[in-house]
Amino acid sequence: MEAFVLGCGGMMPLPYRHLTSVLLRRDGDLFLFDGGEGTQVSLRRLNLKWKKIDAIFVSHTHADHVTGLPGILMLSAQVERTEPLYIYGPPKIKEYIETSRKVLDMYINYPIIVKEITAPCVVHSGKDYYIRAFPLEHTKTCVGYTLEELDRPGEFNPEKAEALKVPRGPLWSQLQSGFEVTAEDGTIVKPEQVLGPKRSGRKFSFVTDTLFKPSIIDEVRGSDLLICECMFENALIDQAKEKKHMIASQAATIAKEANVRRMCMIHYSPRYNDKELQILLDEAQAVWPKAELSRDRMHIEIPYVD
């Protein structure tokens with residue numbers, strides 16, 4: 001699993017910083033989290049096969065998080081595509097998509113399925129993962145997201161399989177997949193006889209445009225990668241509260257208390273040029289030394305931990 005930061009800015013694009021958007025690639029699936037202005041540019045520059053995006057997850061319908069979506073919808077129609085594109089977001093996202101299609105007279109040759117989120121829930125799932133939405137607190141309805149993989153089977157022990165007279169080949173694969181098999185001597189061998197303890201999957205979390213809320217800590221707990229808003233420095237905490245955003249130390253507090261493995265900050269105020277982002281990093285690292293700044297077109301690997 002890997003994440004690509006397509007844009008890390010908030011409010012308005014800058015010549016060197018596109019608006020907030022993150023692409024997550026997992027075993028061939030592509031998931032887009034928000035789609036601010038400039039999303040297509042970063043996708044092109046990273047040479048990603050973005051036309052096969054499976055689902056888009058929108059935090060809220062402020063312009064700096066959705067203005068890149070119409071272009072993606074239109075360009076996705078320029079290739080042969082039969083699979084539906086799912087779009088999730090809070091109320092108003094369906095109206096935004098439908099209005100954009102109508103006003104821009106979009107040619108769309110594939111199904112677009114828009115689902116609005118009205119309560120914390122699992123919004124999307126696959127064979128061995130699910131994506132959950134949870135409430136944030138902003139000036140309009142806003143949600144965060146976590147992608148969490150199910151536990152993986154334990155490590156296969158070939159010596160035990162041989163001792164139980166299970167021949168090499170397809171039967172080993174069946175045991176690794178969780179199915180019992182019949183050994184050469186006719187006995188039934190169960191997966192737990194040849195597999196070690198279950199191993200945890202990976203977790204990705206995306207949180208932006210919100211006041212600090214203790215409930216966020218529980219939602220993102222144990223994340224292998226947390227992408228978290230860091231709009232302002234500590235000295236601007238009153239402004240952050242008024243606009244319902246987080247400051248650097250609050251993003252770091254979430255990472256620390258949630259025991260995440262890696263946290264990259266995102267959604268910086270345009271008041272900070274790239275050099276001045278060091279202010280935010282210093283304040284975050286004073287709380288949690290592992291805090292990192294995200295940058296446009298940053299590539300982040302999310303490996304298994306065992």
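What this report covers is the structure whose coordinates are included nearby. Bear in mind that the values here come from a model prediction, so they are computed numbers and not experimental data.

Overview of the pattern of salt bridges
One pass over the full model with this rule turns up 15 salt bridges. Measuring nitrogen to oxygen at the nearest pair gives 2.9 Å for the salt bridge that ties glutamate 149 to arginine 202. With glutamate 149 in strand S9 (residues 143–149) and arginine 202 in the loop between strand S11 (188–189) and strand S12 (203–207), this residue pair connects regions lying 53 residues apart in the sequence. By relative accessible area, glutamate 149 is classed as buried at 7%. With relative accessibility at 5%, the residue arginine 202 sits in the buried group. We note a salt bridge from arginine 221 to aspartate 218, for which the minimum N-O separation is 2.7 Å. One connected set of salt bridges, linked through shared partners, spans Arg26, Asp27, Asp128, Glu149 and Arg202.

Some details on the nonpolar core
Within the largest apolar cluster, 62 residues are counted, with the highest numbers of intra-cluster contacts made by Tyr145, Phe204 and Met263. With five residues, the top contributor of residues to this core is helix H9 (residues 248–257). Ignoring anything within four residues of it in the chain, the contact list for methionine 263 reads Leu226, Cys228, Ala251, Ala252, Ala255, Trp288, Lys290, Ala291 and Glu292. The next biggest cluster of nonpolar side chains, apart from the first, holds 25 residues, and it includes Leu23, Leu30, Ile56 and Ile97.

Digging into the side chain of threonine 39
Locating threonine 39 in the fold gives a position in helix H1 (residues 39–45). When residues no more than four places from it in sequence are discounted, the contact partners of threonine 39 are Leu6, Ser21, Leu32 and Ile72.

Regarding the sheet that holds S9
Across the sheet, seven strands lie side by side as S7-S8-S9-S12-S13-S14-S15; this open sheet has mixed pairing. Each end of this open sheet is capped by a strand with a single partner; those strands are strand S7 (121–126) and strand S15 (292–293). With four bridges joining them, S9 and S12 adopt antiparallel strand pairing. Residue leucine 147 lies in a different strand from S12, and its bridge partner there is phenylalanine 204.

Definitions and limits used
Residues numbered from 1 in each chain as written. Predicted model: local features only at pLDDT ≥ 70, side-chain atom pairs only at ≥ 80, totals over all residues. Heavy atoms only, no water. Salt bridge = Lys/Arg side-chain N within 4 Å of Asp/Glu carboxyl O. Helix = DSSP H or I, 4+ residues; strand = E, 2+ residues; numbered from the N terminus. Buried < 20%, exposed > 50% of the residue type's maximum accessible area, 1.4 Å probe, protein only. Core = buried A, V, L, I, M, F, W, Y, C linked by side-chain atoms within 4.5 Å. Contact = heavy atoms within 4.5 Å. Pairing = 2+ DSSP bridges.

The analysis is restricted to geometry; functional conclusions fall outside its scope.
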